[in-house]
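Coordinates in review
For reference, the chains in residue letters:
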Amino acid sequence: MRLVTLATLALAASASFTPVLAQKAQNAVRFGYDQVPENIDPYFNNVRIGVILGQHVWDTLIYRDPNTNEYKGQLAKAWKWVDDKTLEFSLREGVKFHNGEEFDADDVVYTLNFVSKPENKVVTQTNVNWIDTAEKIDKYTVRLKLKRTFPAAIEYLAGPVVIHPNEYYAKVGPAGMNTAAIGSGPYKVVEHVVGKSVRLQRNPDYFRDSPKPQPKLERIEVRFIPDRQTQMAEMLAGGLDFIMNVPPDQADQLKAVPHLAVTSGETMRIVFLNLNTLPDGPAPALRDIRVRQAIQHAIDRPTMVKQLVGEGARVLNVICYPSQFGCSDEKAKTFDYNPARAKQLLAEAGFANGLEMDLYAYRERPQSEAMINYLRAVGIKVNLRFMQYAAMREQVRGNKAAMAHQTWGSFSVNDTSASTPVYFGGGPDDINKDPQVIELLKKGDNSVDPAVRKAAYADALGLIAERAMGVPLYALVTFYVSGKGLDYKTYADEIPRFWEMSWK
Amino acid sequence: MLGYALKRLGLALLVALAVSAASFVLLRLSGDVALAIAGEGARAEDIDLVRKTYGLDRPLLIQYGDWLFRTLSGDFGQSLYFKTGVTGLIREKIGVTLVLAFASLALALAMAIPLGVLAALFPNTWIDRLSLALAVAGQALPNFFFALVLVMIFSIKLRWLPVSGSDTWAHFVLPTLSLGLYITPPFMRLIRAGMIEVLAADYIRTARAKGLSPRSVVLKHALRNALVPVVALAAVQLGFLLGGSIVIETIFALDGLGYLAYQSITHKDFPVTQAVLLILSVAYVLLTLCADLVNAWIDPRLRVA
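What you see is a predicted model, and the numbers here were worked out from it, not measured in a lab.

1. Comments concerning the overall build of chain A
- Regarding its fold elements, chain A presents 15 helices and 18 strands.
- Here the C-alpha radius of gyration of chain A, 25 Å, is about what a compact globule of 504 residues would show, namely 23 Å.
- Expressed as lengths along the three principal axes of its C-alpha atoms, the size of chain A is roughly 80 × 70 × 35 Å.
- Sorting the 504 residues of chain A into buried and exposed places 50% on the buried side.

2. As for the overall build of chain B
- Broken down by element type, chain B carries 13 helices and zero strands.
- Ordered by position in the sequence, the α and β elements of chain B form the string α-α-α-α-α-α-α-α-α-α-α-α-α.
- With 305 residues in all, chain B has 43% of them scored as buried.
- Sequence separation of 24 or more characterises 73% of the internal contacts of chain B that already satisfy a separation of 6 or more.

3. Brief notes about the confidence of the model for chain B
All names here are of chain B.
- With 96% of its residues at a pLDDT of 70 or more, chain B shows a mean pLDDT of 85.
- Across chain B, helix α5 (residues 86–121) holds the top mean pLDDT of 91, while helix α2 (residues 33–38) sits lowest at 72.
- Confidence estimates for the predicted assembly give a pTM of 0.78 and an ipTM of 0.74.

4. Overview of the nonpolar core
- Core analysis: the biggest nonpolar cluster contains 155 residues, and B:Leu174 and B:Met195 have the highest contact counts within it.
- Setting aside chain neighbours within four positions, we find B:Leu174 in contact with B:Ala147, B:Leu150, B:Val151, B:Phe154, B:Leu161 and B:Phe252.
- Grouped together as the second largest cluster of nonpolar side chains are 68 residues, A:Leu375, A:Ala404, A:Leu461 and A:Met469 included.

5. Quick word on the interface of chain A and chain B
- Each partner contributes residues to the interface: chain A has 38 residues there, and chain B has 37 residues.
- The set of elements that each furnish at least two residues to the side of chain A that touches chain B consists of α1 (2–14), α6 (228–237) and α12 (389–397) of chain A.
- Ranked by the residues each element gives to the side of chain A that touches chain B, the list is headed by α6(A), at six residues.
- For the side of chain A that touches chain B, the class distribution of residues is 20 nonpolar, twelve polar and six charged.

6. Some details on the environment of A:Lys400
Residues and elements named next belong to chain A.
- Position of lysine 400 among the secondary structure elements: in the loop between α12 and β15 (403–408).
- Residue lysine 400 is classed as partly exposed on the basis of its C-beta count, with 15 C-beta atoms lying within 10 Å.
- Linking lysine 400 and proline 282, residues 118 residues apart in sequence, is a C-alpha distance of 5.9 Å.
- Look past the residues within four positions of lysine 400 in its chain and what remains in contact with it is Pro282 and Gln395.

7. Overview of the environment of A:Met235
All names here are of chain A.
- Looking at the secondary structure, you find methionine 235 in helix α6.
- On a C-alpha basis, the gap between methionine 235 and glycine 32 in space is 9.0 Å, while along the polypeptide they are 203 residues apart.
- Apart from residues no more than four positions distant in its own chain, methionine 235 is found in contact with Leu240, Ile243, Leu254, Leu260 and Val481.

8. As for helix α3 (residues 44–53) of chain B
Residues and elements named next belong to chain B.
- Listing the buried residues of α3 in full gives Asp46, Ile47 and Val50. Down the axis of α3, the buried side of the element spans an arc of 95 degrees, and every buried residue falls inside it. α3 presents Ala44, Glu45 and Lys52 as exposed residues on the side facing more than 90 degrees away from its buried surface.
- Immediately downstream of α3, the backbone of glycine 55 shows phi near 70 degrees, a positive value.

9. Some details on the pairing of strand β6 (residues 131–138) of chain A
Residues and elements named next belong to chain A.
- Pairing between β6 and strand β7 (residues 141–146): six bridges, direction antiparallel. Looking at the pairing, isoleucine 131 lines up with leucine 146 of β7.
- In sequence, β6 turns back onto β7 through a hairpin of two residues.

10. Description of the sheet that holds β6(A)
Residues and elements named next belong to chain A.
- Strand order across the open sheet formed by four strands is β4-β5-β7-β6, with antiparallel pairing between neighbours. Strand pairing shows two members of the sheet lacking a second neighbour, β4 (76–83) and β6, which therefore form its edges. Taking the axes of each pair of neighbouring strands and ignoring which way they run, one obtains an average angle of 20 degrees across the sheet.

11. A word on the packing of helix α11 (residues 228–251) of chain B against helix α13 (residues 270–298) of chain B
Residue and element names in this part refer to chain B.
- Two elements in contact, α11 and α13, have axes whose closest approach is 8 Å; the angle formed by their N-to-C orientations is 175 degrees. Considering the angle they form, α11 stands roughly antiparallel to α13. Residues Val228, Val231, Ala232, Ala235, Val236, Leu238, Gly239, Leu242 and Gly243 of α11 pack against Leu280, Ala283, Tyr284, Leu287, Thr288, Cys290, Ala291, Val294, Asn295 and Ile298 of α13.

12. Thoughts on helix α6 (residues 126–140) of chain B
Residues and elements named next belong to chain B.
- End to end, α6 covers 21 Å across 15 residues, agreeing with the expected 21 Å (1.5 Å per residue, within 8%).
- Among the residues making up α6, those that are buried are Ser131, Ala135 and Gly138. Down the axis of α6, the buried side of the element spans an arc of 70 degrees, and every buried residue falls inside it. Turned more than 90 degrees away from the buried face of α6, the exposed residues are Trp126, Arg129, Ala133, Val136, Ala137 and Ala140.
- Buried residues along α6 sit against α5 and α8 (170–199).

13. Here we look at the confidence of the model for chain A
- Averaged over all residues, the pLDDT of chain A is 91; the fraction at 70 or higher stands at 96%.
- Under a pLDDT of 50 for its full length, residues 1–21 of chain A has, in the predicted model, 22 contacts with residues more than four places off or in other chains.

14. Considerations on the pairing of strand β12 (residues 260–275) of chain A
All names here are of chain A.
- As judged from the twelve bridges shared by β12 and strand β16 (residues 470–483), these two strands associate in the antiparallel manner. Its bridge partner being in β16, valine 271 is matched across the sheet by tyrosine 474.
- Sheet analysis places β12 next to β15, joined by six bridges and oriented antiparallel. Among the inter-strand pairings, phenylalanine 272 is bridged to a residue of β15, identified as glutamine 406.

15. Overview of the sheet that holds strand β13 (residues 355–361) of chain A
Residues and elements named next belong to chain A.
- The ten strands lie next to each other as β8-β9-β10-β1-β11-β16-β12-β15-β13-β14, forming an open sheet whose pairing is mixed. Single-partner strands in this sheet number two, and they are β8 (187–193) and β14 (380–386).
- Pairing geometry for strand β9 (residues 197–202) and strand β10 (residues 219–224), over five bridges, is antiparallel. Bridged to arginine 199 within β10 is glutamate 221.

16. Quick notes on the environment of B:Pro114
- Structurally, B:Pro114 can be placed in helix α5.
- In this structure, the C-alpha to C-alpha distance between B:Pro114 and B:Gly65, residues 49 residues apart in sequence, is 50 Å.

17. Observations concerning unusual backbone geometry
- Not every positive phi belongs to a glycine, and A:Lys433 is a case in point at roughly 45 degrees.
- Along the polypeptide, A:Lys433 turns up in the loop between α13 (420–424) and α14 (435–446).
- We classify A:Lys433 as partly exposed; it has 14 C-beta atoms within 10 Å.
- One non-glycine residue with positive phi stands out, namely B:Ala253, at about 45 degrees.

What counts, and where the lines are drawn
Residues numbered from 1 in each chain as written. Chains lettered and ligands numbered in written order. Predicted model: local features only at pLDDT ≥ 70, side-chain atom pairs only at ≥ 80, totals over all residues. Helix = DSSP H or I, 4+ residues; strand = E, 2+ residues; numbered from the N terminus. Rg over C-alpha atoms; globule rule 2.2 N^0.38 Å. Buried ≥ 20, exposed ≤ 12 C-beta atoms within 10 Å, placed from the backbone. Contact = placed C-beta atoms within 7 Å. pLDDT = per-residue confidence, 0-100. Core = buried A, V, L, I, M, F, W, Y, C linked by C-beta atoms within 7 Å. Nonpolar A, V, L, I, M, F, W, Y, C, P; charged D, E, K, R; others polar. Arc of directions from axis to C-beta. Pairing = 2+ DSSP bridges. Axes fitted to C-alpha atoms, helices over the stretch in contact; angles between N-to-C directions. Parallel < 35°, antiparallel > 145°, perpendicular 65-115°, else oblique. Expected span 1.5 Å × (residues − 1).

Structure below.
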């Protein structure tokens, strides 16, 4: 029995080791996240936390104001299109990297030329494979040549394409960036323990003219905690101050906790159903437009939004995110929830006695199951094939999936070229390959005239809806939980901006 | 004895080899590794490039042979995800796992020995019943559930201990309790059974008749003999603890080998998964082998088996 007493004593003694609850006094935030970046160099990971760290530690040439979606100069003071495939930047003077290295044209030229070479193996090639070469005109002027006409370049230059210090990067490379990251952003990395945590410290010398406001929080600690229950427990116990992507039912419970605050916000991650109409596809019935229209009428999207997606979500009528440039539903036909009409359409198509097909899915299982129930109600028996994302994509690309419950976050790129064309532009994930749609999307992707782009995308989205090629559903909502008193705003690109947060 | 030991050793090596082959095949059956490395949004060319770069386009048997050869020469290769040497990663993480495993084993023994002895000394009394109840509850509760209950009580309600992390010794208390209490019951039952048997033996009666104090009889004469099989069980349980800490390390975000295994599985980082599985299976096999040899050394009748 003496042992039990000892254990109790040990437990009591350890109380003094527990971290202090309030971070307000220290002006710090501890942020828990479930995924681990393979490398914190933004070019060498493809997880959201990598994007988040990228925006805090580094800067981009251009900045997109998340409130107005307006582009502003960040490391570049100004930019202009010299021709369809050439951009010229005049760079800001007096900016310094965290190691004291001065920012100038050499940094831009080195970074862009390094990342655009396929042999340097940047993880997400679509972020950089439009870059041909960058050349230095003078110390503060750079010309960027594109491989093809690519109007969305501005959006990429305001997102994933961060600028590294050339001398340091040439010396240490991506592996060295991972162990000791150096950028010019509002926060410096003071420590990175692979797979465990990243500690950030406010950059007191952050350049005043940056469109990102001067950071207020002194320290940010990012901790990788794989288990969501553990993240919740940490929030409850006061061991963390900020978590995101909290499941709706759990967010609901946390609302009742006095020292926590719950916020929800729509994300850019759109959800839709892909319907395979390829000639040798697994469900020939889907090639009949009446069957596809029946599927559109069978699903009660407003109810799904209300009951399964959560506060802040809305029904979408096109397969792109509304804030993306060119995403418009003005020409898109809409389908109301009308099971009777769905049954009638199926009967007309010769399936009065019902039909059977597979649905592939990889996340948001309750939503897949709801759709299966709606489809069953009109006579379509659906078998759910639920698997990992990579496995599902293999099936879709191998033309084995009749229907696919897809979600797509566009890598937070606020341009339609990053969403609709992935699934309808003739690429490996396109299971319709409609030549007219492909043509229109190409036009939208490649013109530099904004008016031409808008019209082409609107027409393409109109055709996709008219031909009922896919069922647009909604954008997912994400829930954020923070310690009460942390003042912050949420954005659809799911990047928490710690540089504008503060404790009240 | 030597022949027996060699036979067991050969068998142990075969088991380790079989585990490595099975895990190699299963990992690759779980989906296209190249697709997983290339990530969401990768183009067909990217995936082909990945497949070539990592040699994934070769026949499975050749890939396995290549891996086995390099592993036997001491090279676990590079992590596909973290892009660093697997050996270095494992060296960095194994400490946490070892601390957790030995602390849990120590805790389990510290609980099991007194409870087992008491239960044997007072069979069919409330003490025995209580220890039986503890044993049943300890084995019936899944350790991840027990871990969450501990977190609820000690971290959220009482705020005595941190929920997750591995920075201070306080971070190890709850994981050690969750793992340690889970393996306590088999020890407790073994000690109880052993003690009851030993206490009924003639030499104990002799010891008592000599007028030795009951304390000396129980601790010096009886317990020492009842503990022999416990040593063997401890070796086996240690192997279980090393492998079984995957769930507990993930729950408590303890930066150890189990957590590394979890991460590598989710990222299809097969060189890491493969190396961790191999280390864990070899540890388990070797510990079991030690247990067998110790048993055979104590009890010559086993050597014929």
